[in-house]
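Examination of the molecular architecture
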Amino acid sequence: MLTIALLCGSQPAIAQQTDPLAPTGTWSANVDGAAITPPMGWNSWNAFFTDLDEEKVLASAQVIVDTGLAAKGYRYINLDEGWWQHRRDDGRMLANTDRFPSTRTPDGATSFRPFTDRLHGMGLKAGLYSDLGRNTCAQAYMPDQTNLPRGTLTQREVGLYGHIDQDISQFFGEWGFDYIKIDGCGLRAYGPESERVVSGRYRALDPILNLETVALSDIPAVRGLFGEVKTALMRYNPDNDFVLSLCIWGSAHVRAWAKDIGNVSRTSDDITPHWGRMLTNFDTAVTRELYAHPGSWNDPDMLFIGKGDFDADHLTEARSHFTLWAFLNAPLLIGSDLRNTPQPLMDIFGNSALIALNQDPGGHQAVLAYDTDDLQILVKTLADGDKAVAILNRSSAPVEATLTAAHMKLRDDAAIATTDLWNGEGASFTGEMKVTVAPRETRAWRVRGNRALEDGMYLSELPGQVNPAVDGLTVPQVDPTIHRAASFGTRGSGARPFYTGWGGARADSTPYGRVLQVAGQHFASGIGVLANSRLEARNEGHRRFTASVGVDDSAEDADNEVTFALYGDGRLLTRSEPLSRGMPAQSLEADITGVTLLELVARTRDAANGRLPVTWGDAALMQR
Ligand code: GLA
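Rules used throughout
- Residues numbered from 1 in each chain as written.
- Predicted model: local features only at pLDDT ≥ 70, side-chain atom pairs only at ≥ 80, totals over all residues.
- Heavy atoms only, no water.
- UniProt positions renumbered as here; feature names shortened; annotations may be inferred.
- Helix = DSSP H or I, 4+ residues; strand = E, 2+ residues; numbered from the N terminus.
- Rg over C-alpha atoms; globule rule 2.2 N^0.38 Å.
- Buried < 20%, exposed > 50% of the residue type's maximum accessible area, 1.4 Å probe, protein only.
- Contact = heavy atoms within 4.5 Å.
- Areas by Shrake-Rupley, 256 points an atom, 1.4 Å probe, with all protein chains shown as cover.
- Lys, Arg positive; Asp, Glu negative; His and termini not counted.
- Charge placed at Lys NZ, Arg CZ, Asp CG, Glu CD.
- Near = heavy atom within 4 Å.
- Polar contact = N/O pair within 3.5 Å; in protein donor to acceptor, adjacent residues only side chain to side chain.
- Nonpolar A, V, L, I, M, F, W, Y, C, P; charged D, E, K, R; others polar.
- Salt bridge = Lys/Arg side-chain N within 4 Å of Asp/Glu carboxyl O.
- Pairing = 2+ DSSP bridges.
- Core = buried A, V, L, I, M, F, W, Y, C linked by side-chain atoms within 4.5 Å.
- Domains from an automatic or database assignment.
- Axes fitted to C-alpha atoms, helices over the stretch in contact; angles between N-to-C directions.
- Buried area = accessible area lost by both parts, 1.4 Å probe.

An unreviewed UniProt entry annotates the protein chain as Alpha-galactosidase of Croceibacterium mercuriale. For the protein chain, the Sequence similarities (unreviewed entry) comment in UniProt is given as "Belongs to the glycosyl hydrolase 27 family." According to UniProt, the comment filed for the protein chain under the heading Catalytic activity (unreviewed entry) is "Hydrolysis of terminal, non-reducing alpha-D-galactose residues in alpha-D-galactosides, including galactose oligosaccharides, galactomannans and galactolipids."

**A closer look at the overall build of the protein chain**
Of the regular secondary structure elements, the protein chain holds 13 helices and 33 strands. Relative to a compact globule of 624 residues, whose C-alpha radius of gyration would be 25 Å, the protein chain shows 24 Å and is just as compact. Expressed along its principal axes, the backbone C-alpha trace of the protein chain runs to roughly 75 × 60 × 50 Å. Buried positions account for 61% of the 624 residues belonging to the protein chain. Within the protein chain, contacts between residues separated by at least 24 positions form 72% of all contacts whose residues are at least 6 apart in sequence. Accessible area for the protein chain stands at about 22500 Å²; split by element, carbon and sulfur atoms hold 49% of it. Looking at the protein chain, you have 57 positive and 77 negative side-chain charges, and the mean spots of the two groups are 1 Å apart.

**Quick look at unusual backbone geometry**
Backbone geometry at asparagine 329 places phi at a positive 55 degrees, although glycine is not the residue there. Here asparagine 329 shows up in the loop between helix 11 (315-327) and strand 10 (332-334). Here asparagine 329 falls in the buried class, since its relative accessible area comes to 0%. Phi at aspartate 569 is positive, roughly 45 degrees, even though this residue is not glycine. Considering the arrangement of structural elements, one finds aspartate 569 in the loop between strand 29 (562-568) and strand 30 (571-575).

**With respect to the site of the ligand**
Around the ligand sit 13 residues in total, of which Asp80, Glu81, Lys181, Asp183 and Asp270 are the nearest. The contact in question runs from an oxygen atom of the ligand to an N or O atom on the side chain of lysine 181, over 2.7 Å. Here an oxygen atom of the ligand sits 3.3 Å away from a polar atom, N or O, in the side chain of arginine 266. Considering the ligand on its own, with 310 Å² of exposed area, one finds that the protein chains cover 94% of that surface. At the level of elements, helix 5 (137-141) and strand 6 (179-183) are the ones that each hand at least two residues to the shell around the ligand. Residues of the shell around the ligand, tallied by class, amount to seven nonpolar, no polar and six charged.

**A word on the environment of alanine 215**
Relative to the helices and strands, alanine 215 resides in the loop between helix 7 (195-198) and helix 8 (219-236). Overall, the relative accessible area of 68% leaves alanine 215 in the exposed class. Residues alanine 215 and histidine 253, spaced 38 residues apart in sequence, show a C-alpha to C-alpha distance of 9.5 Å.

**Description of the pattern of salt bridges**
Applying the stated criterion to the full structure yields 37 salt bridges. In this structure, aspartate 167 engages arginine 87 in a salt bridge whose closest nitrogen and oxygen atoms are separated by 2.7 Å. Of this pair, aspartate 167 sits in helix 6 (residues 164-174) while arginine 87 sits in strand 3 (residues 84-87), and the two are 80 residues apart along the sequence. There is no split in this pair, since aspartate 167 and arginine 87 are both buried. Across the pair glutamate 174 and arginine 92 runs a salt bridge, and its minimum N-O distance is 2.7 Å. Of the two residues, glutamate 174 sits in helix 6 while arginine 92 sits in the loop between strand 3 and strand 4 (93-95), which places them 82 residues apart along the sequence. For arginine 92, a relative accessible area of 12% translates into the label buried. Taken together, the salt bridges that share partners define one network made up of Asp384, Asp386, Arg446 and Arg448.

**Section: the pairing of strand 15 (residues 416-420)**
Side-chain positions along a regular strand alternate between the two faces of the sheet. Going residue by residue along strand 15, you find Ile416, Thr418 and Asp420 tucked away on one face and Ala417 and Thr419 left uncovered on the opposite face. Judged from the four bridges that link them, strand 15 and strand 16 (residues 426-429) form a sheet pairing that is antiparallel. Across the sheet, residue alanine 417 finds its bridge partner in strand 16, namely serine 428. Connecting strand 15 to the next strand, strand 16, in antiparallel fashion are five residues, including glycine 424 with a positive phi near 75 degrees. Where strand 15 and strand 18 (residues 442-448) come together, four bridges link them in antiparallel fashion. Directly across from alanine 417, in strand 18, lies its bridge partner arginine 448.

**What to know about the nonpolar core**
Core analysis: the biggest nonpolar cluster contains 103 residues, and Tyr74, Leu79, Trp83, Phe322, Trp325, Phe327 and Phe349 have the highest contact counts within it. Each of domain 1 (367-456) and domain 2 (460-622) gives at least three residues to this core. With residues near it in sequence (within four places) discarded, tryptophan 83 still touches Leu52, Met93, Leu94, Ala95, Asn96, Phe100, Phe112, Leu128, Tyr129, Phe171 and Trp175. Counting 35 residues, the second-largest nonpolar core is a separate cluster that includes Ile527, Phe545, Val595 and Leu600.

**Some points on the sheet that holds strand 32 (residues 597-604)**
Here we have five strands laid out as an open sheet, ordered 20-27-32-29-30, and antiparallel in their pairing. This sheet does not close on itself; its edge strands, each paired only once, are strand 20 (466-470) and strand 30. Between one strand axis and the next, the sheet turns through 25 degrees on average, direction left out of account. Bridge count between strand 20 and strand 27 (residues 533-538): four bridges; the pairing is antiparallel. Along strand 27, the bridge assignment pairs proline 468 with leucine 535.

**Considerations on the domain arrangement of the protein chain**
Per the domain assignment, the segments of the protein chain are domain 1 (367-456) and domain 2 (460-622). Using only C-alpha atoms to locate each centre, domain 1 and domain 2 end up separated by 25 Å. Taken together, the contact pairs 10 residues of domain 1 with 13 residues of domain 2. Summing both sides of the interface, domain 1 and domain 2 together bury roughly 860 Å²; the carbon and sulfur share of this comes to 52%. On the surface where domain 1 and domain 2 come into contact, there are three salt bridges. Measuring nitrogen to oxygen at the nearest pair gives 2.4 Å for the salt bridge that ties lysine 387 to glutamate 461.

Right, dumping it as structure tokens:
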């Protein structure tokens, strides 16, 4: 979309597009950078917080190589906060030479080049961390840490603010890093009234990010700053070998727009090694299946396997955590001190079958096929036509689950072959299979069967190919379904809903989590989205589009009329009559031979409350 190109700053300035629903004929989600599959590697934070040094980092990197994890795809060795000394008065960032001795240079300018050369020589990639504001998270929230930047007030301003181009040039062009994670604490925690500013320790920066209340974030300003970073990354990485990781914890409604700029984007606040908190982070990503694509992934935060509820005494939980991250197409970033990680946990990181799912070239995040507070079934489409299924028991009691062929959109009259993703056992069933799922366990299989839709694919099976370019949501709304864990203590009034994203486009669900239904007709497959939306869908060789469209029965409004239009490479292919709630679903069909990009536009004149769910029932790409 043109407005996005404008804001992300990587394109020449062009006039603002007046009609965001007009077809563009182009895929607008980000494809720049080196994240065609989710990044894998290691990050220092969960293991060491700011207490990191060169020896610790290189030792973990060596273990990754020696144990074969590198060969399995774990490539990025990422320094989180704690690598810096301070910013020199001419603006240059200096590395902490005490902690990273190889960064010493005779002129005192410091260089991470020997460090990144060393990692590159090991066949690995190097990442580092910064903040979009002047100051950082640890400076704001961990003032007692020993390893914070030292020096004058301005020397301690180690964040990118006012230095974006200079720092990106230094980190990538000069120092040879390949990956950057960018935090937003500097945009959030340094208001003029904050104690850290009043005390004179840090300079004020008017907050433009607010984690709790989306209306208090300046979304265009935050997005504009990330756009500047992206422009600089493109400038200093002409080979496209970079990863941009946005870390603003689901604030500023980032889940709707990060996909247009960056490679990975945090959907929630920090993970902690607690079962409840892991569920919170999982929930912030699991309903965002249409917002993740090759090149830009949902990031529910790094793995916390190795501590607390995910240590070697809790292998069930640790395996669940890993399985869920694999199914979400989350970055797989190990967060434990690999110098002393017990073998059973190393085996979890090394589960090749789950890594293969996460790295599957199809790039389809799993879709919820069954959803309750206790038990969820996730189904992920794989590039070779197989499916992967996970059954998560969130509760503390065992559950007898029934997995049906319908959950996987497979025929119930032919054998379905299953391979257990944890023990490799093969089996088969027809129709349905009963499984016991222990408390906090996630059972997972790769499955092969006969497709219920023989001659095509439902769009909801291909979320990596569907991009809600405009999702119809005019006012970001908090999602009431995300688990609210007590992991940050019980002072105050509890964890109230504050992650936005409620009302976004969904696979096999309305934007508000209801089943898809038009005039009493239930659709087990389809895309649910709000009116005044434009979905982009890649077509790779299919020849016919079919769908049954209408206003969903869950719409509050019975009067508004919606017209559904299908475009192929920017050209109108077919359009529905104006439809309102209660009118039967209308069949839409078009020849899409040779078309590479479809656009599904649902337009209404007046959806003033922004809550008019519409349904592209059974939307599918067919061979004939
Ligand atoms: C934030 C991020 C964490 C980590 C710390 C570093 O809290 O969310 O992942 O990077 O900052 O201070």
